[in-house]
Amino acid sequence: MSAELIGILAVGVALAGLILTGKRDTDRRLADMDRRLARVEGLLEGLGLSGRAGAAGTVPGD
C-alpha cells in the first residue's frame, strides 16, 4: 500500500472516532436534559403550577 492510501485510511478512522465520540456525548447530554425537565415538571405539578385546569381524573365543568 502506498503512503497516501495509508494516510487517507488513517484520517478516515480518526474522523469516524471523533464523530462517534461526539454522538455519545450528545446522547448523554440529551438524557441528562430529559431527567432535569422531568424533575422540573414534577416540581411545578406539585406546586399546582402545571397549567392543568383541574385535579387529575376530573373533567372541567362538572
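Higher on the page you've got the structure.
Residues numbered from 1 in each chain as written. Predicted model: local features only at pLDDT ≥ 70, side-chain atom pairs only at ≥ 80, totals over all residues. Heavy atoms only, no water.

**Let's talk about the overall build of the protein chain**
The number of helices and strands found in the protein chain is one helix and zero strands. In the protein chain, which comprises 62 residues, the share counted as buried stands at 0%. Just so you have it, the protein chain exposes about 5,700 Å², and 65% of that area is on carbon and sulfur atoms. (Helix = DSSP H or I, 4+ residues; strand = E, 2+ residues; numbered from the N terminus. Buried < 20%, exposed > 50% of the residue type's maximum accessible area, 1.4 Å probe, protein only. Areas by Shrake-Rupley, 256 points an atom, 1.4 Å probe, with all protein chains shown as cover.)

**Here's the deal with the pattern of salt bridges**
A full pass over the atoms with the stated rule returns four salt bridges. A salt bridge links K23 to D27, with the shortest nitrogen-to-oxygen separation between them at 3.0 Å. With K23 and D27 both in helix α1 (residues 3–46), this residue pair falls four residues apart, about one helical turn. For D27, a relative accessible area of 40% corresponds to the partly exposed category. (Salt bridge = Lys/Arg side-chain N within 4 Å of Asp/Glu carboxyl O.)

**So, a nonpolar patch on the surface**
Together, M1, L5, I6 and L9 make up an exposed nonpolar region whose accessible area comes to about 430 Å². With respect to the secondary-structure elements, L9 resides in helix α1. (Patch = residues over 30% accessible without salt bridge, like charges linked within 9 Å, V, L, I, M, F, W, Y side chains within 5 Å.)

**Section: α1**
Each α-helix winds once per 3.6 residues, and so residues spaced three or four apart point in a common direction. The end-to-end C-alpha separation of α1 is 65 Å, in line with the 64 Å expected for 44 residues at 1.5 Å each. Looking one or two residues beyond α1, the residue adopting positive phi is G48, at roughly 80°. (Expected span 1.5 Å × (residues − 1).)

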